[in-house]
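# An overview of the molecular structure
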Amino acid sequence: GGSTATSEAPAGGFKKGGTLRIAAQRPGSPLDPVAMDNIGSYSPVVMSFEYLCGIGEGFELAPMLAEEWSPNADGSVWTFKIRKGVKWHQGGDLTAADVVASLDRLAPTNLQAYIDAGSSVATDDYTVEVSLKAPDGQFPYLVSPYNPQAVMTPVDYALGTLFDQKPNGTSAFKLDSYDVATSAKYGRFDEWWGGAPILDGVELLFSDDNATQINGLLGDQADAIIQFGVSDADA
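In this text, all values refer to a predicted model and were calculated from it rather than measured experimentally. (Residues numbered from 1 in each chain as written. Predicted model: local features only at pLDDT ≥ 70, side-chain atom pairs only at ≥ 80, totals over all residues. Heavy atoms only, no water.)

### Things to note about the pattern of salt bridges
We count it as follows: Here, a salt bridge means any side-chain nitrogen of Lys or Arg that lies within 4 Å of a carboxyl oxygen of Asp or Glu. Relative accessibility under 20% of the residue-type maximum defines a buried residue, over 50% an exposed one, and the middle range a partly exposed one, all with a 1.4 Å probe and only protein chains included.
Across all of its chains, the model carries 7 salt bridges by this definition. Across the salt bridge formed by Lys87 and Asp93, the nearest N and O atoms sit 2.7 Å from each other. The exposure class assigned to Lys87 is partly exposed, which follows from its relative accessible area of 28%. Between Arg188 and Asp190 there is a salt bridge whose closest N-O contact spans 2.8 Å. Residues participating in the shared-partner salt-bridge network are Arg188, Asp190 and Asp200.

Set out below in structure tokens:
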């Protein structure tokens, strides 16, 4: 590809450095983490924000911002142990207060069938108890990438806060610039809880249709593509 990678290759064969250029759908709505409703808006947001639970092997979940979680006897209350040492891009540590605030924003929106505002309580700085409207043995899947809007955002976010106007996050890449017409550019975040990123950055290159994205990939203007239709696969 045309990414600017160095020649340094650690064990495993990965080259360090460079910017990964990804052909992506243009955002079709404002970058509101709670209200995003299309892959074009979802992709820029989740480059920086993460979930309590991640995707593991098969259909299993894996630790992400929560290191572990467990239900009470009937699955009506879930307890999440929040990972310590997670840093926000704009400074400060992720704590239970951020998680509670995030869940309270999701309560009247994406998770309204499951929780009410005030249903989530911090029992200490790194423990959150979530009381559900009804027992649910699968609730952790609703705070994972399987439910895209359920990203964890800072306590100072409010309903309607837009990611590009108030960028933050906990992931390996922090937003440097955003132009809905052209691209979103991210730089590496060396304080990421998962370790220093291998790449120097990531750039989402926006366009309105699959053909433009595929042509960009084939023409070496991009290194990867978010998605394409089966009908375009021959290219």
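Read on for the rest.
### Things to note about the pairing of strand 1 (residues 19-25)
Walk down a regular strand and you will see the side chains alternate between the two sheet faces. This is how the line gets drawn: Whether two strands pair comes down to DSSP finding at least two bridges between them. Numbering of helices and strands starts at the N terminus; helices are DSSP runs of H or I of at least 4 residues and strands are runs of E of at least 2.
Looking at chain direction, strand 1 and strand 10 (residues 201-207) are connected through 7 bridges and run parallel. Bridging across to strand 10, Ala23 finds its partner in Leu205. Bridge analysis of strand 1 against strand 11 (residues 224-225) gives 2 bridges, and the strand direction is parallel. Directly across from Ile22, in strand 11, lies its bridge partner Ala224.

### Remarks on the sheet that holds strand 10
Stated formally: Contacts are residue-level and defined by heavy atoms, with any inter-residue pair within 4.5 Å sufficient. Here an angle of 0 to 180 degrees is reported between the N-to-C directions of two axes, which are lines fitted to C-alpha atoms, with helices fitted over the stretch in contact.
Taking strand neighbours across the sheet as the criterion, the 5 strands line up as 8-9-10-1-11 in an open arrangement whose pairing is mixed. The strands lining the two open edges of the sheet, one partner per strand, are strand 8 (173-179) and strand 11. Across the sheet, helix 1 (residues 39-46) touches strand 1, strand 9 (183-188) and strand 10, and the angle it forms with strand 10 is around 165°.

### Here's the deal with empty space enclosed by the protein
Here is the rule: Every definition here rests on a 1 Å grid over the protein atoms only: cavities are sets of points where a 1.4 Å probe fits but cannot get out, pockets are open sets enclosed by protein on both sides within 12 Å along at least five of seven lines, and lining residues have some atom within 4 Å of a point. Grid points are joined across faces, edges and corners, and a volume is the space filled by probe spheres set on the points. Each residue receives one of three labels: charged for Asp, Glu, Lys and Arg, nonpolar for Ala, Val, Leu, Ile, Met, Phe, Trp, Tyr, Cys and Pro, and polar for the others, Gly being one of them.
Using the criterion set out here, one finds 1 cavity of 30 Å³ or more in the structure. Quantified by volume, the largest cavity comes out at close to 40 Å³. If you trace the largest cavity, you find it lined by Asp32, Pro33, Val34, Arg105, Thr153, Tyr157, Ala158, Leu159, Gly160 and Thr161. Tallied by class, residues from the lining of the largest cavity come to 5 nonpolar, 3 polar and 2 charged.

### Some details on the pairing of strand 5 (residues 77-82)
As paired strands, strand 4 (residues 66-71) and strand 5 are joined by 5 bridges and run antiparallel to one another. Paired with Ser70 across the bridge in strand 5 is Thr79.

### Concerning the environment of Gly201
Counting through the fold element by element, Gly201 comes out in strand 10. Exposure remark for Gly201: the relative accessible area of 2% places this residue in the buried category. For the pair formed by Gly201 and Lys174, sequence separation is 27 residues and the distance between their alpha carbons is 8.7 Å.

### Some points on the environment of Leu132
With respect to the helices and strands, Leu132 occurs in the loop between strand 7 (127-131) and strand 8. A C-alpha to C-alpha distance of 7.0 Å links Leu132 and Ser119, two positions 13 residues apart in sequence. The contacts of Leu132, once residues within four sequence positions are left out, are Gly75, Ser76, Trp78, Tyr114, Ile115 and Phe139.

### Considerations on the nonpolar core
The following threshold applies: Side-chain atoms within 4.5 Å are what join buried Ala, Val, Leu, Ile, Met, Phe, Trp, Tyr and Cys residues into a set we call a nonpolar core.
Of all hydrophobic cores here, the largest spans 49 residues; its most connected members are Leu52, Phe80, Leu103 and Phe139. When residues of this core are traced back to their parent elements, those giving at least two are strand 1, strand 5, helix 2 (96-106), strand 7, strand 8, strand 9 and strand 10. With 5 residues, helix 2 is the single largest residue contributor to this core. What Phe139 contacts, discounting residues up to four positions off in sequence, is Trp78, Phe80, Tyr114, Ile115, Val130 and Leu132.

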